[in-house]
Amino acid sequence: MRTQVAAVCLSLSLCFAASASAATTQGGAPHSVTPEGGALDLISSSFGQRSRDLEIVYRSSEAITPQLLAAVNGGQICTVFDQAARSARSVCVTRSNGRWQIVSRGDRVEGSVSQPRASELRLRFEPAAAKLRVGLADVYVNATAAGCAEQQAKSAKITWSGAKLGSAAVLAAPCEHRLPRVGSYQARVWDVITTGCRRHGAGQVSRGPSGKRIALTYDDGPSAYTPAFLRELRRLGVPATFFMIGQHVSANASLVRSMLRDGHMLANHSWSHANMGGGGPSASAQLRDGSAAIRRATGFTPCLFRPPYGSTGADLVSRANAQGMTSVLWSVDPLDWRTPGTGSIVSTVLAQTSGGGIILSHDGGGPRSQTLAAMGQIVPTLKRRGYKFVTLTDLLNYPARIKLVK
Ligand code: ZN
């Protein structure tokens, strides 16, 4: 059997550098001592990144059976990433507890493994989950069939007793398939930048789908209070959505960038907090300038808009839609802008929140220490009731727009 290795590009921007000479291997003799269950006869491997996930594909000339990669018998296919100035990391797929698993240095890596056909395995995972760094990597693939070492030892013994040293080396071959046979491919782990989000569905919403997910939203920032809100959200371990006034964004650009890094969602609350309920061209300008301010500071284009004062109308909704934004109202309103007292904010939010809820509060536009103090009671209580806090885009199932950069 002749084993031809082909590098396949998954992505126009990235693929293994195809290296036909290094990646061709002769398989004839070794396969006569294939272990029980068949050989892991890899014919190609590919590596690509079109989204946050790296995708690695392994193709074999034969079925890749669970038995062949049984972790308990040492079966695995590993891609080894050799990145500058650090020790190589391997990311392996193996079969354990009745399912395919991705493992790196003994730790489970969150991701998915699919088998679109018997002879093919596809792995998807975020590079950071396997502690891979952004940048170039030398990569090669090492595949070991389950039980192979044992079989090899037996075979080698027989061969050695026959004093055929040359054959022993050949017999060792089927245990480990390496792609390429010599050297490595060059690949790149890309940095993923979130450039925006994509709306779909209703033009205006005031709550998400029912279920146990809810969203915290903060209007009228960024302000002098916003850093304290971010610290509190970090402490509580929940994301939020910030509807920002465009004209306050540029003076707080680094703060707004840190929101994005922390996993919060950035959203448009107009340029200057104008009453836009009447719609018209001035409303379009407020929408456009509000989004542009966020984009200038962060590279992120919002897909959510909240009308100042909740003042809205059909024309405004359609103008926001035309700029790629859903208008978002709320289902929970503690009237925190009136500073009714921390206890009142807490009790109103707890009383009004149900599944799919959108909770309105403010991190700007006035003194916000009551709102800030209320978070420490609201979040743990709602978590205990089984709610999960998500960003508004997650609540509405809007996908992110991303860009891969070097
Ligand atoms: Zn407002």
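Nothing here was measured: the structure is a model prediction, and the numbers come from that model.

Student: I keep staring at the coordination of the zinc ion and nothing clicks. Help me out?
Tutor: For a metal with four tetrahedral donors the ideal donor-metal-donor angle is 109.5 degrees, whereas six octahedral donors ideally subtend 90 or 180 degrees. Only Asp-220 (OD), His-269 (NE2) and His-273 (NE2) from the protein coordinate the zinc ion, and they sit 2.0 to 2.1 Å from it. The sequence motif formed by the donor residues of the zinc ion is D-x48-H-x3-H. With Asp-220 in strand β17 (residues 213-221) and His-269 in the loop between β19 (265-268) and α5 (281-298), this pair connects stretches of sequence that are 49 residues apart. As far as burial versus exposure is concerned, Asp-220 and His-269 are alike and both buried.

Student: Can you help me understand the state of the cysteines in this one?
Tutor: Disulfide: a covalent bond formed between the sulfur atoms of two cysteine residues. All chains considered together, the criterion is met by two disulfides. Across a sulfur-sulfur distance of 2.1 Å, Cys-78 and Cys-92 are joined as a disulfide pair. On the S-S bond that ties Cys-78 to Cys-92, the torsion sits near 105 degrees, and the link is right-handed. On the criterion of sequence distance, the pair formed by Cys-78 in strand β6 (residues 76-82) and Cys-92 in strand β7 (residues 89-96) is long-range, its members being 14 residues apart. No difference in accessibility class separates Cys-78 from Cys-92, as the two residues are buried.

Student: Where do I start with α5 in this structure?
Tutor: The periodicity of an α-helix, 3.6 residues per turn, causes residues three or four places apart in sequence to face the same way. The first and last C-alpha atoms of α5 sit 26 Å apart over 18 residues, in line with the 26 Å expected at 1.5 Å per residue. Among the structural elements, β18 (241-244), α4 (253-261), β19, β20 (304-305) and α6 (314-322) are those in contact with the buried residues of α5. Directly after α5, the chain includes Gly-299, whose backbone phi takes a positive value near 80 degrees.

Student: Help me understand the nonpolar core, please; the structure alone is not making it clear to me.
Tutor: It is characteristic of soluble globular proteins that their nonpolar side chains tend to be buried jointly. Ranked by size, the top nonpolar core spans 51 residues in total, and within it Leu-216, Phe-242, Met-244, Leu-304, Leu-382 and Leu-392 carry the most contacts. The element best represented in this core is helix α8 (residues 369-384), accounting for six residues. When near neighbours in sequence (up to four residues on either side) are disregarded, Leu-382 contacts Ile-214, Val-349, Leu-350, Thr-353, Ile-359, Tyr-387 and Phe-389. Membership of the second largest hydrophobic core comes to 31 residues, among which are Leu-68, Phe-81, Ala-137 and Ala-145.

Thresholds applied
- Residues numbered from 1 in each chain as written.
- Predicted model: local features only at pLDDT ≥ 70, side-chain atom pairs only at ≥ 80, totals over all residues.
- Heavy atoms only, no water.
- Donors = N, O, S within 2.8 Å, 3.2 Å for Na, K, Ca; no water.
- Helix = DSSP H or I, 4+ residues; strand = E, 2+ residues; numbered from the N terminus.
- Buried < 20%, exposed > 50% of the residue type's maximum accessible area, 1.4 Å probe, protein only.
- Disulfide = S-S within 2.5 Å.
- Expected span 1.5 Å × (residues − 1).
- Contact = heavy atoms within 4.5 Å.
- Core = buried A, V, L, I, M, F, W, Y, C linked by side-chain atoms within 4.5 Å.

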